[in-house]
Amino acid sequence: MLDALALLKTRRSVKPDQLQGPPPSAEDLDTMLTIAARVPDHGKLVPWRFIVFEGDHREEAGAAIASAYAAKYPDASGDQIYFETNRLARAPLVVAVVSSPVESAKIPAVEQQLSAAAAAQNLLLAAHALGYAACWLTEWYAYDAQVARAFGLDDHERFIGFVHIGRFDGTPEDRPRPALKDIVTRFEA
Ligand SMILES: Cc1cc2nc3c(=O)[nH]c(=O)nc-3n(C[C@H](O)[C@H](O)[C@H](O)COP(=O)(O)O)c2cc1C
């Protein structure tokens, strides 16, 4: 297990087609989801939820994505439909993070969405801590109403993202990170 700072300094996304099985164990998945749910949440509204796609259910979900794709693009090729059917089967396991804002006079909807984004980030970190690799994707289907209905979202809900989780042999190459001098200023009146 990595120490906390090493963990935070080394998280890196790995694209779904580079993720291998086996999928996370049920115990590891519970740990990841428990950590995902441990986020700042103004008003303790629990304005998010998770949908797990695993095993053959990934292809069933992919069929719904492919069907939405075919409705948008009636001339789609067989190869493209196959690719869409396989969208959620590229990774051994996928977790959709759903923003599910609650009616509140006090807490703005945007804060509730930000809490859901924090849940997605916690999920990435928990996966990394447990030795898995992961990637947060939205792609086109996170914004498609037909897919949202097929996956059981209510009208007021939206996908924050689909976190693809699997294993990666080795250490993924890092990408350049912003220099602090470019993103940090110190307020002086
Ligand atoms: C809300 C959100 C949606 C994203 N959707 C996509 C996506 O659809 N496709 C993609 O290639 N990367 C997407 N990314 C970026 C990757 O998750 C990842 O951050 C990026 O590849 C950089 O890698 P890093 O996390 O190691 O810095 C998204 C990131 C966020 C925060």
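The structure presented is a predicted model; accordingly, all values stated were derived computationally and were not measured. (Residues numbered from 1 in each chain as written. Predicted model: local features only at pLDDT ≥ 70, side-chain atom pairs only at ≥ 80, totals over all residues. Heavy atoms only, no water.)

Draft legend 1. Spatial organisation of the packing of helix α2 (residues 26–36) against helix α5 (residues 109–129). Here α2 crosses α5 at 145°, and the two axes come no closer than 8 Å. Crossing geometry of α2 relative to α5 is assigned as right-handed. Mapping the contact onto sequence places Met 32, Leu 33, Ile 35 and Ala 36 in α2 and Ala 119, Asn 122, Leu 123, Ala 126 and Ala 127 in α5. Its residues assigned to classes, the contact of α2 with α5 shows eight nonpolar, one polar and no charged. (Axes fitted to C-alpha atoms, helices over the stretch in contact; angles between N-to-C directions. Helix = DSSP H or I, 4+ residues; strand = E, 2+ residues; numbered from the N terminus. Left-handed = near helix turned anticlockwise from the far one by under 90°. Contact = heavy atoms within 4.5 Å. Nonpolar A, V, L, I, M, F, W, Y, C, P; charged D, E, K, R; others polar.)

Draft legend 2. Up close: the sheet that holds strand β4 (residues 158–166). Spatially, β1-β2-β4-β3 is the arrangement adopted by the four strands of the open sheet, whose pairing is antiparallel. Across the chains shown, the open sheet's two edge strands, defined by having one partner strand only, are β1 (48–54) and β3 (133–137). Strand-to-strand twist of the sheet, defined as the mean angle between neighbouring strand axes without regard to direction, takes the value 20°. Summarising the sheet, β1 and strand β2 (residues 93–99) pair through seven bridges and their orientation is antiparallel. Of the residues in β2, the one forming a bridge with Val 52 is Val 95. In the packing of α2 onto the sheet, the strands contacted are β1, β2 and β4, and the crossing angle to β1 comes to about 160°. Contacts from α5 reach β1, β2, β3 and β4, with the element oriented near 0° to β4. (Pairing = 2+ DSSP bridges.)

Draft legend 3. A look at the site of the ligand. Near the ligand, the surroundings consist of Arg 11, Arg 12, Ser 13, Lys 15, Cys 135, Trp 136, Leu 137, Thr 138, Glu 139, Arg 175 and Arg 177. Lys 15 places a side-chain nitrogen or oxygen 3.4 Å from an oxygen atom of the ligand. Here the ligand, which alone exposes 610 Å², has 65% of that area covered by the protein. Class assignment for the residues of the shell around the ligand results in three nonpolar, two polar and six charged. (Near = heavy atom within 4 Å. Polar contact = N/O pair within 3.5 Å; in protein donor to acceptor, adjacent residues only side chain to side chain. Areas by Shrake-Rupley, 256 points an atom, 1.4 Å probe, with all protein chains shown as cover.)

Draft legend 4. Inspection of the layout of surface pockets at higher detail. Its boundaries defined by the atoms lining it, the largest pocket holds a volume of some 260 Å³. Surrounding the largest pocket, 14 residues form its lining, Thr 10, His 128, Tyr 132, Gly 170 and Pro 172 being those nearest its centre. Among the elements of the structure, α5 and β3 are those that each provide at least two residues to the lining of the largest pocket. In terms of residue class, the lining of the largest pocket is made up of seven nonpolar, five polar and two charged. By volume, the second largest pocket amounts to about 170 Å³. Forming the walls of the second largest pocket are Ala 142, Tyr 143, Asp 144, Ala 145, Ala 148, Arg 149, Leu 153, Asp 154, Asp 155, Glu 157, Arg 158 and Phe 159. Sorting the residues of the lining of the second largest pocket by element identifies α6 (145–150) and β4 as the ones contributing at least two each. (1 Å grid on protein atoms, 1.4 Å probe; cavity = no way out; pocket = protein on both sides within 12 Å on 5 of 7 lines; lining within 4 Å. Points joined across faces, edges and corners; volume = space filled by probe spheres on them.)

Draft legend 5. Fine view of the nonpolar core. Phe 53, Leu 88, Val 147, Phe 151, Phe 159 and Phe 162 are the most contacted members of the largest nonpolar core, which totals 24 residues. In terms of residue count, helix α3 (residues 57–72) provides more of this core than any other element does, five residues in total. The next biggest cluster of nonpolar side chains, apart from the first, holds 21 residues, and it includes Val 95, Val 97, Ala 126 and Ile 165. (Core = buried A, V, L, I, M, F, W, Y, C linked by side-chain atoms within 4.5 Å. Buried < 20%, exposed > 50% of the residue type's maximum accessible area, 1.4 Å probe, protein only.)

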